[in-house]
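Structure assessment
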Amino acid sequence: MLHKRILIPLIDQLDEDTAAYFGRVVDHLEKDPRLEDYPNMPFLVLRETIFELPVYLEPKEVVDLLFSYVIHNVENLKTVLHSKEYLHDHSALRAHCTAFVIAVVRDSMKEVDMAYEDRNRQSEYRLSWPIDPKLFPYVDDEDEDD
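In what follows, the accompanying structure is described. (Residues numbered from 1 in each chain as written. Predicted model: local features only at pLDDT ≥ 70, side-chain atom pairs only at ≥ 80, totals over all residues. Heavy atoms only, no water.)

1. Notes on the overall build of the chain
- The secondary structure content of the chain amounts to 7 helices and 0 strands.
- Written out in order from the N terminus, the α and β elements of the chain read α-α-α-α-α-α-α.
- Within the span of the chain, comprising 146 residues, buried residues form 34% of the whole.
- Expressed as a percentage of contacts within the chain between residues at least 6 apart in sequence, the contacts between residues at least 24 apart total 73%. (Helix = DSSP H or I, 4+ residues; strand = E, 2+ residues; numbered from the N terminus. Buried < 20%, exposed > 50% of the residue type's maximum accessible area, 1.4 Å probe, protein only. Contact = heavy atoms within 4.5 Å.)

2. A short note on the packing of aromatic side chains
- One pass over the structure, following the stated rule, counts 2 aromatic pairs.
- Ring geometry for Tyr21 and Phe22: centres 5.1 Å apart, planes at 80°, overall edge-to-face.
- Taking relative accessible area as the criterion, Tyr21 reaches 5% and is therefore assigned buried.
- With a relative accessible area of 1%, Phe22 lands in the buried category.
- Aromatic side chains Tyr69 and Phe100 sit 6.0 Å apart centroid to centroid with 40° between the ring planes, which places their arrangement in the tilted category. Placement of the pair is Tyr69 in helix H4 (residues 59-81) and Phe100 in helix H6 (residues 98-120), with a sequence separation of 31 residues. The exposure classification of Tyr69 matches that of Phe100, with both residues buried. (Phe/Tyr/Trp six-rings, centres within 6.5 Å; stacked < 30°, edge-to-face > 60°.)

3. Some details on the nonpolar core
- Phe22, Leu29, Val45, Val70, Leu93 and Phe100 are the most contacted members of the largest nonpolar core, which totals 38 residues.
- For this core, the elements supplying multiple residues, two or more each, are helix H1 (4-11), helix H2 (16-31), helix H3 (41-49), H4 and H6.
- Ranked by residue count, the leading element in this core is H4, at 11 residues.
- The residues touching Val45, leaving out its near neighbours within four places in the chain, are Leu66, Tyr69, Val70, Leu77, Leu93, Cys97 and Phe100. (Core = buried A, V, L, I, M, F, W, Y, C linked by side-chain atoms within 4.5 Å.)

4. Some thoughts on the pattern of salt bridges
- Enumeration over the complete set of coordinates arrives at 8 salt bridges.
- With a closest N to O distance of 2.7 Å, Arg34 and Asp32 form a salt bridge.
- Where Asp64 meets Arg34, a salt bridge forms, and the shortest distance between an N and an O atom there is 2.6 Å. Of this pair, Asp64 sits in helix H4 while Arg34 sits in the loop between H2 and H3, placing them 30 residues apart in sequence.
- Looking at Asp64, the relative accessible area reads 28%, which means it is partly exposed.
- For Arg34, a relative accessible area of 26% gives the class partly exposed.
- One salt-bridge network, in which partners are shared between bridges, spans Asp32, Arg34, Lys60 and Asp64. (Salt bridge = Lys/Arg side-chain N within 4 Å of Asp/Glu carboxyl O.)

5. Let's talk about the side chain of Asp107
- Of note, Asp107 is situated in helix H6.
- The class for Asp107 is buried, based on a relative accessible area of 17%.
- Those residues within four positions of Asp107 in sequence are excluded, and the remaining contacts are Leu57 and Leu65.

In structure tokens, the structure reads:
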């Protein structure tokens, strides 16, 4: 709950749909068992990236990408969090979170690409000559007039 206080002021600045989305992301994050190993870092990374992140992935996927980023960059993040620069300016962490934003954008683009491919798949209908009228899906109204 304490961690939510870090993010609530930022979520309140977002539009209604985006705020609801990140509310679900935070809910998933709070329930994730990996939080026991990394109690603060995911919230700090999310705080620095929330305005840059797209909202196309499922919240669980964002949390998985967040933990993947934190796990692979824990030493770098610790260095920044314990630096004098970070004590005076919390946004110093932002430059180190670019890889997380890129991962979310990359996976979001994969989702968009797959949806685009699915939408553009059309069934094919092939005709050969001579056409068998029973197989052709068109009824000629002129023939009925005779």
